[in-house]
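Descriptive structure summary
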Amino acid sequence: MPAPPVLELRGLSVRYGGVPALDRVGVTFEGGCITCVLGENGSGKSTLVAVLSGLRAHDDGDLLLDGVPVRFRSPRAAREAGIATVWQDLAVAPLLSVWRNLCLGAEPTRGRWPLRRLDVDAARETTVRALERIGVTGVDPDQPVNSLQAGARQSLAIARAVHFGARALVLDEPTEPMTIAQHTLVGQAVLGARARGLAVVLVTHNPRYAHLVGDRFLLLARGQVAGDLTRADVDADDLTRLMAGGEELTALTTRLQELHPELGDR
Amino acid sequence: MPGDPVIVDRLPVARVAAAHRRRVADRVLARPSIAAVLALLVVVAVFGVRVPGLLTLEGLAGVLDAAALLGIGGVAVGLLLVGGHFDLSIGTVTVASAVLTGVLAGPMEWGIWPALAVSLAAALTVGLVNGWLVVRTGLPSFLVTLATALVLQGTTVSALPLVAGGPRITGLDEAPGWSSAAALFGSTAEVGGGVFRVSLLWWLAGTAGAGWLLWRTRFGNDVLAMGSSRRAARELGVPVQRTTLTLYALTATAGWLLGTLALVPAASVAATPSLILAIDFVVVAVIGGCLLTGGYGSMAGAAAGALLYAVARRGVELAGWDPRWSQALLGVFLLVALLVGGVVRARLRAAPRS
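Predicted model, so just to flag it, every value in this text is computed and none were measured.

**A closer look at the pairing of strand E11 (residues 216-221) of chain A**
Taking burial as the measure, the six residues of E11 of chain A include five buried ones, the bulk of the element. Hairpin geometry of E11 of chain A and strand E12 (residues 224-230) of chain A is characterised by an intervening segment of two residues between the two adjacent antiparallel strands and by a positive phi of about 50° at Arg222 of chain A.

**Considering helix H6 (residues 180-195) of chain A**
Residues and elements named next belong to chain A. For H6, spanning 16 residues, the distance from its first C-alpha to its last is 22 Å, which sits close to the expected 22 Å at 1.5 Å a residue. Every buried residue of H6 is listed here: Gln182, His183, Leu185, Val186, Gly187, Ala189, Val190 and Ala193. Among the structural elements, strand E3 (33-38), helix H5 (150-164), strand E9 (168-172), strand E10 (199-203) and helix H7 (207-213) are those in contact with the buried residues of H6. Gly197 sits one or two positions beyond H6 and adopts a positive phi of about 85°.

**Comments concerning empty space enclosed by the protein**
Overall, the coordinates contain four cavities of 30 Å³ or more when judged by the stated rule. Estimates place the volume of the largest cavity at around 110 Å³. Together, Ser53, Pro75, Arg76, Arg79, Ile83, Ala84, Thr85, Trp87, Arg160 and Ala161 of chain A together with Glu235 and Leu236 of chain B line the largest cavity. Looking at the lining of the largest cavity, the elements with two or more residues in it are helix H2 (75-80), strand E6 (83-86) and H5 of chain A. Residues that form the lining of the largest cavity fall into these classes: six nonpolar, two polar and four charged.

**Considerations on the domain arrangement of chain A**
Accessible area lost on assembly of the parts is the figure often given for the size of an interface. All names here are of chain A. Each domain of chain A was delimited in the assignment, giving domain 1 (1-82 + 170-266) and domain 2 (94-164). Domain 1 puts ten residues into the contact, and the matching count from domain 2 is 13 residues. Between domain 1 and domain 2 lies a buried interface of about 950 Å² when both sides are counted; carbon and sulfur atoms form 53% of it. In this structure, the connection of domain 1 to domain 2 is made through zero salt bridges. Counting the contacts that link domain 1 with domain 2 gives two residue pairs in polar contact (both at pLDDT 80 or more). Where the side of domain 1 that touches domain 2 is concerned, the elements lending two or more residues are H2 and H6. Residue classes in the side of domain 1 that touches domain 2 are distributed as five nonpolar, two polar and three charged.

Criteria and cut-off values
- Residues numbered from 1 in each chain as written.
- Chains lettered and ligands numbered in written order.
- Predicted model: local features only at pLDDT ≥ 70, side-chain atom pairs only at ≥ 80, totals over all residues.
- Heavy atoms only, no water.
- Buried < 20%, exposed > 50% of the residue type's maximum accessible area, 1.4 Å probe, protein only.
- Helix = DSSP H or I, 4+ residues; strand = E, 2+ residues; numbered from the N terminus.
- Pairing = 2+ DSSP bridges.
- Expected span 1.5 Å × (residues − 1).
- Contact = heavy atoms within 4.5 Å.
- 1 Å grid on protein atoms, 1.4 Å probe; cavity = no way out; pocket = protein on both sides within 12 Å on 5 of 7 lines; lining within 4 Å.
- Points joined across faces, edges and corners; volume = space filled by probe spheres on them.
- Nonpolar A, V, L, I, M, F, W, Y, C, P; charged D, E, K, R; others polar.
- Domains from an automatic or database assignment.
- Buried area = accessible area lost by both parts, 1.4 Å probe.
- Salt bridge = Lys/Arg side-chain N within 4 Å of Asp/Glu carboxyl O.
- Polar contact = N/O pair within 3.5 Å; in protein donor to acceptor, adjacent residues only side chain to side chain.

Laid out in structure tokens, this is it:
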């Protein structure tokens, strides 16, 4: 019997006040495979990230980790289970030092409970090692994150996820365009994670970039899976067309429905 | 495929790091408590010359007595500010819990310890209700705690005469167990003409404990992250609700301690309006370098702020001026502290992007 996929969604639904953000989604994320999630705004990409990372619990269906149904109480629980996330806003606390940000929620400690305290030296060392692991050197772990440039903040967020992600890595790319250096960093992180057998979920807005690194492509539309494709199925142009087409078509549909209510909900 | 491979070493990171070998002056200026410490030195020098009585042991005891009470509240409120919240109810919790202790130990004839335990539990309940309302509603904590403060103050001031037959309860030292409570909350030590109160020790312990909690524990890291960016804290799984509730429980405990430290030495308690006390604590914490916007602060700074406040008040008093001048002076200090805080934040902020 083959090993179960690292992550699997079975008929999973998430609703916000009755409105489904994800509607009976079934998908698997295998280890050693980069799955790119594509879709326009409001298609459920962010909700998918929120569910996988433990920020939002699902309402219906199952989330399975290594074939076992799980329900994470918080992102901390998901991270302890080995699912680490690079958030769209990078999730860094600007006034805190680099090491406090990197270790937040999993700080090394010393001593017993009433006197349990942060092991600052160990935390600094972990930080330097985690950054070196993704090829970034020369960052002072005591430096406040505020003083880092955007690229360096992204390095920090990626280093944190790579350090804590043992089973799966979820990346939610920022909406604003990234530089080549930033794309390279993301690319190296996801390729490295794939080589180590992690399940990689990459939410991206750039179909060409997705085709460059992705093994599988998950297209979402209105909270449902609109397409589950492999590299063999599509080339970069197809992906671009699929994404663009979807967006245009939806805009057109909405507009027409506004102008002609007699069309109904088609 | 992209053209030239990008070598990661050439990413901005290395350059930023090199540019940020900050000099000593920068590091000092980036300390949030610097304004309070400098102002303290100035005030001590000015009043030391004008009012020599301030620098005697007797004068010092008077200053420290006032500073201890301000400092206990300032440290608790400062911790809350760092977590990105606000508590206007701590002043009324102080009076309300003391009044409750007085009612239980006086007219109800309970022992002082059971009375203290019940009033602590009541204070904690108020704190948890504050925290719960803030967490549940997502409303600004300024307004939520203003509401609880008003409810508490109105209830205390109007209910006490009904229960005790007057606005004041006296003769609490007849309550069973008084001597041990008096030792813990009301004892004094005379050193060379100055009478130092035990509240000083509570203040020192509170400041050291809060500083350790903030900078050296996981809880403190959660508080810092929460105040710095609530969204990031949530995304990283900081238990935002539990941390907020704990912070409000801590300020309520500080309020109860302040009430007890006022009740025990006097062996009496009165229901006085005390909303302004909460403002004093915020002023002390902000002068000490706690950012009103959350995410950064210094407990030692809050202690320095309390000292500054106490020296200014005592100095104005001893110089024979109208004591109300000290409030104006304090306002000036607060303004300076806010301006310096802006400089501090600028030092903490990103270097100009090239």
